[in-house]
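Summary of the model geometry
Below, each chain spelled out in residue letters.
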Amino acid sequence: MKNHNYRFLLVLLASFVFVMASCTSDDPEIEKEQEIITDVTLIFTEVDNSNNPIGNPFEFKASDPQGLELGNNPTIETIQLAVGKRYLLEIELFNSIENEDITEEIIEEADEHQFYFLGTAFVGSPILTYTYADADKNGNPIGLKGYVQVNPAPGFNNAQFRLVLRHDHNKNFNGATNPNWQDFVLAGGETDLDITFPLVLNP
């Protein structure tokens, strides 16, 4: 009788192990692929105090045929702005590898994307001030369009204009709506773009 019970317990244990093994997947977890961005275009248009355009737009570009987050040889133009001026800034993104307009993707998934404006141009003793001019369906900022005010009396005229695009983060996290928030990683999500343009201010 004891041997019978012992065999029964062994069979039961073996069955349990088999069931547990079947429930455990050996397939690796598929991670979300990072957005490939090969080209970034910053389009500036001078505006007056009422944000009416003055003159013609001008642009500065960054590009890498392998992707700006993946390649090793990006071409990055130097941003040149005038002291004391105010500009409308519009951002366009493109993936030349897949011939995809990333700007349109961001608009379609606006509630999952947001730009941050960092570097010495915006943080510390800032010579630029950025204000969001667009929002997603929940009223939270995006950053494809905004206004840049240049300090009328900057302490220096050379700085770093760092542009960060975050994806799938919590926009309701405390501090997340600040365009110059250096602790953006605290809101979760992933970085689709992190690029720094040299900046020069002209009199």
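Relevant structure appears above.
The present account deals with the structure reproduced in this document. (Residues numbered from 1 in each chain as written. Predicted model: local features only at pLDDT ≥ 70, side-chain atom pairs only at ≥ 80, totals over all residues. Heavy atoms only, no water.)

1. Some thoughts on the overall build of the protein chain
The helix and strand tally for the protein chain stands at two helices and eleven strands. Its helices and strands in sequence order give the protein chain the pattern α-β-β-β-β-β-β-α-β-β-β-β-β, from N to C terminus. For the protein chain, with 203 residues in total, the buried portion stands at 36%. Long-range pairs, those at least 24 residues apart, make up 70% of the contacts in the protein chain with a sequence separation of at least 6. Taken as a whole, the protein chain presents about 11,900 Å² of accessible surface, with 50% of it coming from carbon and sulfur. (Helix = DSSP H or I, 4+ residues; strand = E, 2+ residues; numbered from the N terminus. Buried < 20%, exposed > 50% of the residue type's maximum accessible area, 1.4 Å probe, protein only. Contact = heavy atoms within 4.5 Å. Areas by Shrake-Rupley, 256 points an atom, 1.4 Å probe, with all protein chains shown as cover.)

2. Regarding the pattern of salt bridges
In total, this model carries four salt bridges according to the counting rule given. One salt bridge connects Lys61 with Glu59, and the closest N-O pair in it is separated by 3.5 Å. On the basis of relative accessible area, Glu59 is assigned to the partly exposed category, the value being 40%. The partner of Asp136 in a salt bridge is Lys171, and the shortest N-O contact between them spans 3.0 Å. (Salt bridge = Lys/Arg side-chain N within 4 Å of Asp/Glu carboxyl O.)

3. Thoughts on the nonpolar core
Core analysis: the largest hydrophobic core is formed by 45 residues, its most contacted members being Leu128 and Phe161. Filtering out sequence-adjacent residues up to four positions away, Leu128 remains in contact with Leu81, Ala121, Phe122, Val148, Gln149, Val150, Phe161, Leu199 and Leu201. (Core = buried A, V, L, I, M, F, W, Y, C linked by side-chain atoms within 4.5 Å.)

4. A short note on the sheet that holds strand β4 (residues 79–82)
Sheet architecture is open: four strands sit in the order β4-β11-β10-β7, paired in mixed fashion. In this open sheet, the two strands that pair with only one neighbour each are β4 and β7 (113–118). Neighbouring strand axes in the sheet, compared pairwise and without regard to direction, differ in orientation by 30° on average. Here β7 runs beside strand β10 (residues 158–167); their pairing, made up of six bridges, is antiparallel. Each bridged residue has a counterpart across the sheet, and for Tyr116 the counterpart in β10 is Val164. (Pairing = 2+ DSSP bridges. Axes fitted to C-alpha atoms, helices over the stretch in contact; angles between N-to-C directions.)

5. Topic: the side chain of Arg166
Inspection of the secondary structure puts Arg166 in strand β10. Here Arg166 sits buried without a salt bridge, and the closest side chain of opposite charge, Asp194, lies 7.6 Å off (N-O distance). Here Gly188 takes part through its backbone oxygen, which lies 2.8 Å from a polar atom of the side chain of Arg166. Within the local environment of Arg166, its side chain forms a polar contact with the side chain of Thr191, the two groups lying 2.5 Å apart. Among all residues touching Arg166, those that are not within four sequence positions of it are Glu112, His113, Gln114, Tyr116, Phe184, Val185, Gly188, Gly189, Glu190 and Thr191. (Lys, Arg positive; Asp, Glu negative; His and termini not counted. Polar contact = N/O pair within 3.5 Å; in protein donor to acceptor, adjacent residues only side chain to side chain.)

6. Looking at the packing of aromatic side chains
In this structure the tally under the stated criterion is 15 aromatic pairs. Measuring from ring centre to ring centre gives 5.8 Å for Phe58 and Tyr87, while their planes differ by 85°; the resulting arrangement is edge-to-face. With Phe58 in strand β2 (residues 58–63) and Tyr87 in strand β5 (residues 86–95), the pair connects residues that are 29 residues apart, well separated along the chain. By relative accessible area, which is 3% here, Tyr87 ends up buried. Pairing Tyr116 with Trp181 gives two aromatic rings, centres 6.3 Å apart and planes at 55°, and the pair type is tilted. (Phe/Tyr/Trp six-rings, centres within 6.5 Å; stacked < 30°, edge-to-face > 60°.)

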